[in-house]
Amino acid sequence: MINFGPSGFCEDFAAAGHKKSEEMPEWLESHGLSAYEISFTNGINMSDEKCVLLGKLFAEKNITLSVHGPYYINFANPDPTMIEKSIGYIINSLKKMKLLGAKRLVFHPGALMKQSREEAHARVMSNLKLLMERIDDQHFDFDFQICPETMGKHGQCGTVAEVAEMCSLDKRIVPTLDFGHINSFGQGSLVTEQDFANVFDTLKMYIGERYHDVHIHFTHIEYGPKGEVKHVLADNNPQNFGPDFEPLAKVLKDYEISGEIISESPGHQTRESVDMMKIYQNA
Ligand SMILES: [Zn+2]
């Protein structure tokens, strides 16, 4: 089963007169959507009371919640005090997620800074091991997954193989496959069904049958020589920066993939989620 839904508020939500997160569950239900991603990308500022309230409202509509962790997280940073901060952002996000009833925490694994890709990846791997020990120390009593994301810029950690290897560390680490990022990193590498299938084949080499249940971000993204430039609309896309969803929809069915597909379209996340859901249903 795949749940489709937006990340955050979109222009259509505001145009319909909505202003508050409390109104989001009903809005999503009215569009037939069943996933939503809450953004802590610029900080973890939601009060505990609001987390509990939103958790209840989303649960009533059977909407699966995920959280996007702060952009400041960087497990490739050579400075140990900065690693402690990244660990803190993850643990504080998980505390809010318990109150929200959210299961998946998306995060950007790290930036190369001045290191080689190999050196930065090795740091991310050892720091994620440390992170899982620190998470164990918290004795969280709820079901959660932390989900490193495939990234679109050449200066960031998170190729498909790198994320797959991160996920091999612990069963609670599950990939966020951002196909717009993968396509941007590879200068338009996702075109055919086989291109998309290769992503899942790579995952399978590292995490075996766990590849069937993943978190997905899907948005058209403009790219340049260094990878991702910016998110663009799927339907206002004269240069055809991709990728297109149709070939992925077919592969999702062939490979029996389940999980959430989140749209990060600039302004029209709900509409693009509905469009993807229809393409998937007809694939
Ligand atoms: Zn992200």
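**Student:** Quick question: what am I supposed to make of the overall build of the protein here?
**Tutor:** Regarding its fold elements, the protein presents 10 helices and 10 strands. Here the C-alpha atoms of the protein give a radius of gyration of 18 Å, agreeing with the 19 Å that 2.2 N^0.38 yields for 283 residues. For the protein, the spread of C-alpha atoms along the principal axes amounts to about 45 × 45 × 35 Å. The 283 residues of the protein split such that 43% are buried.

**Student:** Would you mind showing me how to read unusual backbone geometry here?
**Tutor:** Negative phi characterises most residues that are not glycine, and trans characterises most peptide bonds. Note that the residue after Gly242, namely Pro243, is joined by a cis bond; omega there is 5°. Summarising the element assignment, Pro243 is placed in the loop between strand E9 (227-232) and helix H9 (245-254). At Met113, a residue that is not glycine, the phi angle is positive and equals roughly 50°. For Met113, the position within the fold is in the loop between strand E4 (104-107) and helix H5 (117-138).

**Student:** Please explain the sheet that holds strand E7 (residues 213-217) as it appears in this structure.
**Tutor:** Hydrogen bonding along the main chain pairs the strands of a sheet, whether they run parallel or antiparallel. The 4 strands lie next to each other as E1-E10-E7-E6, forming an open sheet whose pairing is parallel. Both edges of this open sheet fall to strand E1 (2-6) and strand E6 (176-178), since each of them pairs with a single strand only. Across the sheet, the mean angle separating the axes of adjacent strands is 20° when strand polarity is ignored. Of the pairings in the sheet, the one linking E7 to strand E10 (residues 258-263) comprises 5 bridges and is parallel in character. For Asp213, the partnering residue across the bridge sits in E10 and is Ser258.

**Student:** Where do I start with the pairing of E9 in this structure?
**Tutor:** For a regular strand, side chains alternate in direction, first toward one face of the sheet and then toward the other. Inspection of the sheet shows strand E8 (residues 220-224) paired to E9 by 5 bridges, in the antiparallel sense. The partner of Gly224 across the bridge, within E9, is Gly227. Taken together, E8 and the strand that follows it, E9, pair antiparallel across an intervening segment of 2 residues.

**Student:** Sorry, what's going on with the nonpolar core here?
**Tutor:** A general feature of soluble globular proteins is that nonpolar side chains tend to end up buried together. Among the nonpolar cores identified, the biggest contains 62 residues, and Tyr36 and Leu105 are the most heavily contacted of them. Apart from residues lying up to four places away in sequence, Tyr36 is in contact with Gly5, Pro6, Met24, Leu28, Phe58, Ile63 and Leu65.

**Student:** Help me understand helix H8 (residues 193-207), please; the structure alone is not making it clear to me.
**Tutor:** One turn of the α-helix equals 3.6 residues, which is why residues spaced by three or four share an orientation. The terminal C-alpha atoms of H8 lie 21 Å apart, and with 15 residues this matches the ideal 21 Å at 1.5 Å per residue to within 8%. Those residues of H8 not exposed but buried are Phe196, Val199, Leu203 and Ile207. Mapping the buried residues of H8 onto a view down its axis gives an arc of 45°, with all of them on the same face. Of the residues in H8, the exposed ones pointing more than 90 degrees away from the buried face are Gln194 and Met205. If you follow the buried residues of H8, they end up packed against helix H6 (160-167), E6, helix H7 (179-185) and H9. Trailing H8 by a residue or two, Gly208 shows a phi angle of about 60°, which is positive.

**Student:** Can you help me understand the sheet that holds strand E5 (residues 145-148) in this one?
**Tutor:** The strand order across the open sheet built from 4 strands is E2-E3-E4-E5, with neighbouring strands paired in parallel fashion. Here the strands that pair on one side only, and so sit at the sheet edges, are strand E2 (35-39) and E5. With direction set aside, neighbouring strand axes in the sheet form an average angle of 25°. By the bridge criterion, 4 bridges tie E4 to E5 in an arrangement that is parallel. The residue bridging Leu105 from the neighbouring strand is Ile146, located in E5. Helix H4 (residues 80-100) rests against E2, strand E3 (64-68), E4 and E5 of the sheet, and its axis sits at about 145° to E4.

Cut-off values and rules
- Residues numbered from 1 in each chain as written.
- Predicted model: local features only at pLDDT ≥ 70, side-chain atom pairs only at ≥ 80, totals over all residues.
- Helix = DSSP H or I, 4+ residues; strand = E, 2+ residues; numbered from the N terminus.
- Rg over C-alpha atoms; globule rule 2.2 N^0.38 Å.
- Buried ≥ 20, exposed ≤ 12 C-beta atoms within 10 Å, placed from the backbone.
- Pairing = 2+ DSSP bridges.
- Axes fitted to C-alpha atoms, helices over the stretch in contact; angles between N-to-C directions.
- Core = buried A, V, L, I, M, F, W, Y, C linked by C-beta atoms within 7 Å.
- Contact = placed C-beta atoms within 7 Å.
- Expected span 1.5 Å × (residues − 1).
- Arc of directions from axis to C-beta.

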